2 protein chains.
Amino acid sequence: MFMGASTDQGMDIATKSRDIIRSLIGDDIKDLNPAERDIVERIVHSTADPEYAKLVSISRDFVEVSLKSLKKHEDILTDINMVKAGITQYDGEVYSYIKDENVKEYAKDKGITRAAAAMEYAAKEGFEGIIVIGNAPTSLFKSIELVESGKLNARSIVGVPVGFVKAADSKEALSKSNIPHVITRGPKGGTPIAVACVNSLISTLKNENYYQR
Amino acid sequence: MFMGASTDQGMDIATKSRDIIRSLIGDDIKDLNPAERDIVERIVHSTADPEYAKLVSISRDFVEVSLKSLKKHEDILTDINMVKAGITQYDGEVYSYIKDENVKEYAKDKGITRAAAAMEYAAKEGFEGIIVIGNAPTSLFKSIELVESGKLNARSIVGVPVGFVKAADSKEALSKSNIPHVITRGPKGGTPIAVACVNSLISTLKNENYYQR
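Presented here is a report on the structure given in the accompanying data block.

All names here are of chain A. Side chains His-181 and Ile-183 project from strand 6 (residues 181-184) onto one buried face, and the interleaved Val-182 and Thr-184 project onto a second face that is buried too. Examined bridge by bridge, strand 1 (residues 56-58) and strand 6 share three bridges and lie antiparallel to one another. The partner of Ile-58 across the bridge, within strand 6, is Val-182. Sheet topology note: the strand 5 (residues 153-159)/strand 6 ladder contains three bridges and is parallel. Looking at the pairing, Gly-159 lines up with Ile-183 of strand 6.

Have a look at this one:
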């Protein structure tokens, strides 16, 4: 497997795409380590938007703690099912609680979004692993709050919610925390970015990333 | 439900987002009809990328034939599971065959991508409805070929694959066909764009779209 490709034709497309991406963003990512460069390249691959090379910010501890967690097959917690659906090569479990009936009730009772309520539910369930947020700012704000108060055991957070309202603020808050993280600065982000980031780490773990080819 | 929001806080965010989006892209979409404007607004909402207002192209017959199909609860066929996971409010069935074991074998035998093989499989299964492609150019090329040769019954195609290799060509081919369609010009596109398009149609059908508020 390489960039999701498993056939000769798929591999050919993935290889050409990699070369084009390197020509577009090589300068922006030259100071990153191989695992970090792979994350950024995959994000650009999944969006065809080179601007992401300038928007992505990866904390220095992110790759190391995340790989350690994935190697132990710890859980991954996502904000929505689209993110979960994109993480197809992981040997551990991937959870999303937003459609859970308990979460729906809880959100209504407390007057918070289902995306935020889902994170409180995960904390109660004793989650340990990596949090991946591709959609909802409220989910990211809640995650930061729960992790900082010791109620939620996140090794790292991929925090790339999208939108013109609160998304940039939520990512800024994550970048100022001590939690190992990836963010995209500004309103842009979304599920493909979240998925690309996790799938890159899994490839690195399996020695399949861009820079090892 | 409004833009995926179901709580007061979620509704508040969705409403503010809509106002910001209108201020950013209002001029670009003023000549579209309400259902078409909703499609473009939702795409911009799901990507926080106003450039999409200039890249989206909707054929004049697309909304009418697609709404008719959705109203009859005809099937939706997607290229990958991430697109399927994002279509959460449809009363009909949503299919994706890319992970099907038969499709994997078939792709290897014929030397084509799994994404293309999945479309041939759907044709054999007697699919009738709307095709939604958010990822793979090979899936879109194959869909156009099968529809034009009368082997696949697509009422319309949402063709928004992403990438620097073949994606733009595949969308250009769709735009030149007689198949009712939505495309995004150039390399940009992806699963959130595909999902936004379908969810907008479903909202319009349920009289919940932006312009009816």
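What follows covers the pattern of salt bridges. Residue and element names in this part refer to chain B. Scanning all chains against the criterion turns up 36 salt bridges over all chains. Between Lys-16 and Asp-12 there is a salt bridge, with the nearest N and O atoms lying 3.5 Å from each other. Taken together, the positions of Lys-16 and Asp-12, both in helix 1 (residues 8-25) and four residues apart, correspond to about one turn of that helix. Residue Lys-16 is classed as partly exposed on the basis of its relative accessible area of 43%. For Asp-28, the salt bridge identified is with Lys-54, shortest N-O distance 3.0 Å.

Here we take up the interface of chain B and chain A. A common way to state how big an interface is: give the accessible area lost once the parts meet. Contacts between the two partners involve 42 residues from chain B, matched on the other side by 42 residues from chain A. Here chain B meets chain A over a buried area of about 3000 Å², counting both sides, of which 69% is carbon and sulfur. Contact with chain A buries area across many residues of chain B, yet Met82(B), Phe164(B) and Val165(B) alone supply 23% of it, more than any other trio. One can count two salt bridges joining chain B with chain A. Note that Lys188(B) and Asp49(A) form a salt bridge whose closest N and O atoms lie 3.9 Å from each other. At the boundary of chain B with chain A, the tally comes to zero residue pairs in polar contact (both at pLDDT 80 or more). Elements with a minimum of two residues in the side of chain B that touches chain A: helix 1, helix 2 (34-47), helix 5 (81-86) and helix 10 (191-205) of chain B. Examining the composition of the side of chain B that touches chain A, we find that eight residues originate from one element, helix 1 of chain B, more than from any other. Residues of the side of chain B that touches chain A, tallied by class, amount to 17 nonpolar, 19 polar and six charged.

Here is what the cut-offs are and how they apply
- Residues numbered from 1 in each chain as written.
- Chains lettered and ligands numbered in written order.
- Predicted model: local features only at pLDDT ≥ 70, side-chain atom pairs only at ≥ 80, totals over all residues.
- Heavy atoms only, no water.
- Buried < 20%, exposed > 50% of the residue type's maximum accessible area, 1.4 Å probe, protein only.
- Helix = DSSP H or I, 4+ residues; strand = E, 2+ residues; numbered from the N terminus.
- Pairing = 2+ DSSP bridges.
- Salt bridge = Lys/Arg side-chain N within 4 Å of Asp/Glu carboxyl O.
- Contact = heavy atoms within 4.5 Å.
- Buried area = accessible area lost by both parts, 1.4 Å probe.
- Polar contact = N/O pair within 3.5 Å; in protein donor to acceptor, adjacent residues only side chain to side chain.
- Nonpolar A, V, L, I, M, F, W, Y, C, P; charged D, E, K, R; others polar.

Structural measurements only, silent on function.
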